[in-house]
Each structure stands twice: as structure tokens, then as C-alpha cells.
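Listed below, chain by chain, are the residues.
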Amino acid sequence: MRKLIVAVVLEGYAFLLAWMQSLGGVRTDEAKYLLNIPYPHPPLARWFFSRTADMPGQEWLWRFVLASLLVQAVWLVWRMANRQSLEQRFTAAILWLTAAAFILQAGSIMMAPLTALQGLVLLWLLFERERRGGAWSAWSACGIGVFWFVSLFTAYQAVLYTPVAFAIFRRSRFSLAGQVFFLLAPIAVAGLYALSEPLVLASFLLAGTKDAGTGFVQKLMQLFQGWSLGGSILLGLTGVAGMLLDRRWTLFLATGLIAAFLLVSFQPYYAILFLPLFLAGTILLFKKIWHHPAPLIFPHLVLTAICIMLFPPVLLRSPARDTMRAIVATGKEGTVLIAGSYGHEWQYESPFPVRRFVPSLLSDAEAVVCLEKCEGMDEKTWTKLPGMPVETWVRKAVGGRG
């Protein structure tokens, strides 16, 4: 009964995190996954998202599901500290649930939180095998291999946890060749899939070159931002200390891979990839020397608040939803042209085809959204909607097509 009450309370927390994310509406990357647009990630998760496209409240459904998965993963954290005291296990659970990256990303419809969750599962598997001793059976190792494949086909960033996956396969009953096969075969398949998708390759090139003009000092500052958010500063320190003290070089190497990735292609939402590793290292530190870690909670919460204030979530709603709803309310049904740079959220919010504004396409359009100056708008043919967040025109009912 006590566990059920805790689970319900955790779901309330998940609802709160999902609600917070919903304040900013659907972002362009979230829309990309909800619409199953084939880049930059493999198809598995976005395919599941797109199956609910006709369901009312699709956005809210996935926000709550993803937030719930991350929040309820605290039971894995509890299990990872299984042989430790109640105080140590409780502290580890609180650190997971209140890290800055966790609060900022749980409830977002992004691949990074899912990848972090998969990283936590891999770490739990590693800790579980060490706790029980012995080696994974052939069937168990095959199941882990399937999970590793699923992780890589959720997001390519799962490859950053390769050292952890290899440490798990090393504890199987397969030969070294079999262990290497289970580790590398899914990576190879994911790589072949990437080569088959021109949009994926283009996104890789863009991600790898977008920071080309960024100075090294600025890249280090971005890395510090990711490290700070990933563990609310304090968890990053305790996590790395635990890895070094317990000589967990596989965890340290995985942390280094994530750091190198952020140096090459920084995005704030990648900070959550550090969190499972920092938490695992902290649990090791508790086991080694920190037997009464509860005093860590208060400074951790203070640093979480500071990190969120320094790097606040983007809650400014895009005008896409209000604009498209206003167009729908006019009764117009047809192509919407958008002048200026726009993201996938406009496609997500529109029930009609969306195309980039070109004057020659005006004759086939029913509405025009001007994120920048529109050329060729004739007031005899078009009506400008009043009170809109962005300049919006709809075709007049009378007057025919231009």
C-alpha cells in the first residue's frame, strides 16, 4: 500500500512537470518527432508518437507519458542502491528527481530524456549483475542486446553509453567475439540506416558545423553549462568523485564521451545525458565513504534552483497555435503560405498544407502568415485578421481568386 501511495504521488509530480513543459506549447523539435519527420534520429520513438496523430490531446499524452517514465524510473535508482541504508537510497532518489536537467527536460517530447532513461536502465543492469554476481545467461544477454538495439534506434546519442553497454556484455556467458558482436552489430545497423537517409546525413553535417565559428573558451563554457545542469553542479562533483574512487573507468569514459559530444554539438537539452552517470557515481561514493548523505539534499536543491534561474526553460509560446486556430475559425480550408523562417511547429498546428511564401503561389493559397514582410498582398483579394500575434491574411469570400 505504501508503494502505491508513493507511485501516485510521483505521478502527481510527473503531471506537474508535463504541465510546466506545456506552457511553452509544441517546440519545433517536438513537432518534428510528433509528425514523424525522418531526421535527425532513427524512427522508433517518433513512429510511436505519430501513431497517435489523430488522437485529441496528442501533445499532452506524450508529455505525461514521458514525464511519468522518467519520474517512475526512481524505482531503478532505489534498486541501484539496494544494499545501502534507507538514508542513502532516499537521498539518491531525491537527487534523481530534483536535478536541474531532470526538471527542465522531464515532460518534453524530446529524445534526450528518453536516451538518459535508457542510460539509467543500462547502469541498473550493470549494478544488478554486480550485486547478484555471476554472468548473464544467454537469453538475458540476448534481451539486453535487443534493448541496446532499441536504444540506438531511439536516438543516435545512445552510442555515448557504449562503454556501459560493453561492461554489461562482458558479464555474459558469450565469448569475447559474441560480446563484441552484441555491442557493435546494433551500432552498425544504426549507422547503415543513417547512411540511407539523406536528411539524417544533412542534419549530422549541420550539427557538426553549427559551432564551427565558436571559440574554444565559449565551447568550454557551454560544456560547463551542460555539466552544471546535468547534476546541479554538486551531483556532478560527487558523481565523478565516486567513479574515480571506485575506479569505474567505464562510467568515467562514458562521461568523457558525452563531454566530447557537447564540445562538438552543444544543446542545453543534452545535459540530461550526464545525469544517470553522475547518479551512478554518487551511489558508488555513498557506498565507499558517505554513509550519511542526507545533508547533501539541501545544498543540491539550492544549486538546482540557481541552475534553473541561470538557464531557465523556454516557456515563451510560439504564435503558431493561436494563428492557426484563428485561420480555422474563419472557415478557410486550403494551403497556408508562411513568409520568413518558420519551424515544424507551424506544420504541427496547421490542419492544412503549409508552404513557404512565394508570390506566384498566392493564387492557390487560402491564408498567408507574414513572419516577415509579404510582397504582393492585394487588399481587394485578402483580408488582414485583426488582433493577431503575427500579420495574418485570409482570402476574401467575394472577389474570386487572384
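Conventions used here
- Residues numbered from 1 in each chain as written.
- Predicted model: local features only at pLDDT ≥ 70, side-chain atom pairs only at ≥ 80, totals over all residues.
- Heavy atoms only, no water.
- Helix = DSSP H or I, 4+ residues; strand = E, 2+ residues; numbered from the N terminus.
- Buried < 20%, exposed > 50% of the residue type's maximum accessible area, 1.4 Å probe, protein only.
- Lys, Arg positive; Asp, Glu negative; His and termini not counted.
- Salt bridge = Lys/Arg side-chain N within 4 Å of Asp/Glu carboxyl O.
- Polar contact = N/O pair within 3.5 Å; in protein donor to acceptor, adjacent residues only side chain to side chain.
- Contact = heavy atoms within 4.5 Å.
- Patch = residues over 30% accessible without salt bridge, like charges linked within 9 Å, V, L, I, M, F, W, Y side chains within 5 Å.
- Areas by Shrake-Rupley, 256 points an atom, 1.4 Å probe, with all protein chains shown as cover.
- Pairing = 2+ DSSP bridges.
- Axes fitted to C-alpha atoms, helices over the stretch in contact; angles between N-to-C directions.
- Disulfide = S-S within 2.5 Å.
- Expected span 1.5 Å × (residues − 1).
- Domains from an automatic or database assignment.
- Buried area = accessible area lost by both parts, 1.4 Å probe.
- Core = buried A, V, L, I, M, F, W, Y, C linked by side-chain atoms within 4.5 Å.

Q: Looking at this structure, I do not really get the side chain of K332. What am I missing?
A: One can find K332 in the loop between α18 (320–329) and β1 (335–339). Look at K332: it is buried, it has no salt bridge, and the nearest opposite charge is E366 at 4.6 Å. At 2.6 Å, the side chain of K332 forms a polar contact with the backbone oxygen of R395. When sequence neighbours within four positions are dropped, the list of residues in contact with K332 reads I327, F352, E366, V394, R395, K396 and A397.

Q: Would you take a moment to explain a nonpolar patch on the surface for this structure?
A: Among the surface-exposed residues, F15, L16, W19, L23, W60 and L315 lie close enough to one another that they form a single nonpolar patch of about 550 Å² accessible area. Top element by residues in the nonpolar patch is helix α1 (residues 2–22). It accounts for three residues. When you line up the elements, F15 lands in helix α1. The class of F15 is partly exposed, set by a relative accessible area of 46%.

Q: How should the sheet that holds strand β3 (residues 365–370) be read in this particular structure?
A: Within a beta sheet, neighbouring strands are joined by backbone hydrogen bonds and run either parallel or antiparallel to one another. Taken in spatial order, the five strands line up as β2-β1-β3-β5-β4 in an open sheet, and their pairing is mixed. At either margin of the open sheet sits one strand with a lone partner, and together these are β2 (354–356) and β4 (382–384). Mean inter-strand twist for the sheet, computed between neighbouring axes without regard to direction, equals 25 degrees. Two elements, β1 and β3, share five bridges in a ladder whose sense is parallel. Residue pairing for β3: T335 is matched across the bridge by A365.

Q: For this particular structure, what's the right way to read the state of the cysteines?
A: One covalent bond between the sulfur atoms of two cysteine residues makes up a disulfide. In this structure the tally under the stated criterion is one disulfide. Disulfide pairing places C370 opposite C374 at an S-S distance of 1.8 Å. Looking along the S-S bond of the C370-C374 disulfide, the torsion reads about -125 degrees, which is the left-handed sense.

Q: Explain the pairing of β3 here, please?
A: Walk down a regular strand and you will see the side chains alternate between the two sheet faces. Most of β3 is tucked away: six of the six residues are buried. Here four bridges tie β3 to strand β5 (residues 391–395), and the two strands are oriented antiparallel to one another. When the bridges of β5 are listed, V368 appears paired with W393.

Q: I would appreciate a short explanation of unusual backbone geometry in the present structure.
A: Glycine aside, negative phi is the norm for most residues, and most peptide bonds take the trans geometry. Not every positive phi belongs to a glycine, and N36 is a case in point at roughly 60 degrees. Its location among the elements puts N36 in the loop between α2 (28–34) and α3 (44–50). One non-glycine residue with positive phi stands out, namely S232, at about 50 degrees. Within the secondary structure, S232 is located in the loop between α13 (216–231) and α14 (234–245).

Q: Explain helix α8 (residues 111–132) here, please?
A: A turn of α-helix holds 3.6 residues, and therefore any two residues three or four places apart point the same way. Here α8 is 22 residues long and its end C-alpha atoms lie 32 Å apart, about the 32 Å a rise of 1.5 Å per residue gives. Where burial is concerned, most of α8 is hidden: 18 out of the 22 residues are buried. The positive-phi residue at the C-terminal boundary of α8 is G133, with phi of around 80 degrees.

Q: I'm lost on the domain arrangement of the protein chain in this one. Help?
A: Where interface size is quoted, it is often the accessible area lost as the parts come together. Structurally, the protein chain comprises domain 1 (2–310) and domain 2 (320–400). Averaged C-alpha coordinates put domain 1 and domain 2 at centres separated by 40 Å. On the domain 2 side, the residues contacting the 11 residues of domain 1 number seven residues. Contact between domain 1 and domain 2 buries roughly 720 Å² in total, counting both sides, with carbon and sulfur atoms accounting for 59%. On the domain 1 side of the contact with domain 2, V26, T28 and L35 bury the most area, a combined 50% of that side's loss. Here domain 1 is connected to domain 2 by one salt bridge.

Q: Explain the nonpolar core here, please?
A: Generally speaking, soluble globular proteins have nonpolar side chains that are buried together. In terms of nonpolar packing, the biggest core is built from 100 residues, with F49, W96, F102, V164, L251 and L277 touching the most fellow members. Among the elements that take part in this core, α8 stands out by supplying 12 residues, more than any other. Formed by 15 residues, the second largest nonpolar core is a distinct cluster that contains M324, I327, I338 and F352.

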